[in-house]
Amino acid sequence: MRIDVVTLFPDFMRQCAAVGVVGRAQQRELLQVQTWNPRDYATDNYRTVDGRTCGGGPGMVMLIEPLRKTLEAMREAAPKPVHLIYLSPQGARLTQGRVEALAEMPRIALLCGRYEGVDERLLAHEVDEELSIGDYVLSGGELGAAVIIDAVGRLQEGALNDAQSAEQDSFSNGLLDCPHYAKPVHDALGDVPEVLLSGDHAAIRRWRLKQSLGRTWLRRPDLLAQRALDKESRALLDEFRREHAQ
Ligand SMILES: NC(=O)c1ccc(NC2CCCC2)nc1
């Protein structure tokens, strides 16, 4: 998969994509992250990429022309089509479901705004999808882009080794993750739940599912509402709720 990032801070984006699972996915050529800086496509001597806001008011707006040239170069650099995403609080909330859909695409591009944003005419003409990583305002789209690169990059086939992919399964079922423990089994902070030391993998699976269901019920009941539960899950959640009520 190829991810192109249009950003005034290419070094920052390259560093985000160079570490950990995503960095390794790039080394394994499972993923390619390419940055494009609109300042390189600004034609004036000052390499201007922003302009005053029409209608007055504070702050600047990213200019159409440098972005059009940048996007044209980006689109031409590799086989099309490119699904272009703009990061902003006005976008649809990013979910794991959407991440999984994006991870199936051969090529996406991420447009990172700065200042007060990008000229609306450019967005209307060029952008396929607007996404938000949450209901808060950031100084740029780069952190949202980094989130998408990580969430999508780790899903590339071969990016996660076996141990990690197990962890991925436990989360991709739309529930919150279960608790995790490492050695020592007994610590001043408490003990590791017995079942995890039993070697009974069926019991361990049930325990983890019960914990995921219970945590989701306690912390994010909205996620539970979206999900049909099978017989086993309903029984485990009832058990958790009974124990929790006592
Ligand atoms: N919640 C978000 O995903 C998000 C994205 C971009 C942003 N700021 C950018 C948008 C245009 C100029 C700065 N703030 C917040």
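Structure report, in brief. (Residues numbered from 1 in each chain as written. Predicted model: local features only at pLDDT ≥ 70, side-chain atom pairs only at ≥ 80, totals over all residues. Heavy atoms only, no water.)

1. Details of the nonpolar core
Filter applied, for reference: Side-chain atoms within 4.5 Å are what join buried Ala, Val, Leu, Ile, Met, Phe, Trp, Tyr and Cys residues into a set we call a nonpolar core. Partly exposed residues are those whose accessible area sits between 20% and 50% of the maximum for their type, while under 20% is buried and over 50% is exposed, using a 1.4 Å probe and protein chains only. Think of it this way: any DSSP run of H or I at least four residues long counts as a helix, any run of E at least two long counts as a strand, and we number them from the N terminus. What makes two residues a contact is simply this: any of their non-hydrogen atoms within 4.5 Å.
Counting residues in each nonpolar core, the largest one holds 26 residues, and the members touching the most others are Ile3, Val5, Ile108, Leu110, Ile148, Ile149 and Val152. Put simply, the parts of the chain that give this core at least two residues each are β1 (2-6), α2 (20-27), β5 (83-93), α4 (96-103), β6 (107-111) and α6 (142-153). If you tally residues by element for this core, the top one is α6, at 6 residues. Sequence-distant contacts of Val5, that is, excluding residues within four places in its chain, are made with Met13, Val33, Gln34, Thr35, Trp36, Leu110, Cys112, Ala145 and Ile149. Within the second largest apolar cluster, 18 residues are counted, among which are Val49, Leu67, Leu71 and Leu123.

2. Side note on the sheet that holds β6
Test applied: Only when DSSP finds a minimum of two bridges between them are two strands counted as paired. Here, axes are lines fitted to C-alpha atoms. For helices the fit covers the stretch in contact, and angles between N-to-C directions go from 0 to 180 degrees.
Within the open sheet, the 5 strands sit side by side as β2-β1-β6-β5-β7. Their pairing is parallel. Of all strands in the sheet, those with a lone pairing partner are β2 (32-36) and β7 (129-132), marking the two edges. Looking at each pair of strands side by side, their axes are set apart by 35 degrees on average, direction ignored. Pairing analysis gives 5 bridges linking β5 to β7, with the strands arranged parallel. By the bridge assignment, Ala92 is partnered in β7 with Leu131.

3. Topic: the side chain of Asp119
Its location among the elements puts Asp119 in the loop between β6 and α5 (120-126). Overall, the relative accessible area of 14% leaves Asp119 in the buried class. For Asp119, the residues in contact, after removing those within four places along its chain, are Val61, Met62 and Ile64.

4. Observations regarding the site of the ligand
Rules: Distances are taken per atom, and a residue is near a molecule or strand as soon as one of its heavy atoms is within 4 Å of it. Pairs of N or O atoms are called polar contacts if they sit within 3.5 Å, as long as, within protein, a hydrogen donor faces a hydrogen acceptor (for residues adjacent in sequence, only side-chain-to-side-chain pairs). Note on areas: Shrake-Rupley, 1.4 Å probe, and residue coverage restricted to the protein chains presented here. The pocket and cavity definitions rest on a 1 Å grid over protein atoms only: a 1.4 Å probe that fits but cannot leave marks a cavity, an open set with protein on both sides within 12 Å along at least five of seven lines marks a pocket, and residues lining either have an atom within 4 Å of a point. Whether a molecule lies in a cavity or pocket depends on its atoms, and more than half of them have to be within 2 Å of the grid points.
Near the ligand lie 17 residues; those nearest to it are Ser132, Ile133, Gly134, Tyr136 and Leu138. Separating a nitrogen atom of the ligand from a backbone N or O atom of Tyr136 is a distance of 3.1 Å. Summarising the interface, the protein chains cover 96% of the accessible area of the ligand, which totals 380 Å² for the free molecule. More than half of the atoms of the ligand fall within 2 Å of the grid points belonging to the second largest pocket. Broken down by element, the residue count for the shell around the ligand peaks at 4 residues, all from β5.

Any functional reading would require information beyond the geometric quantities listed.
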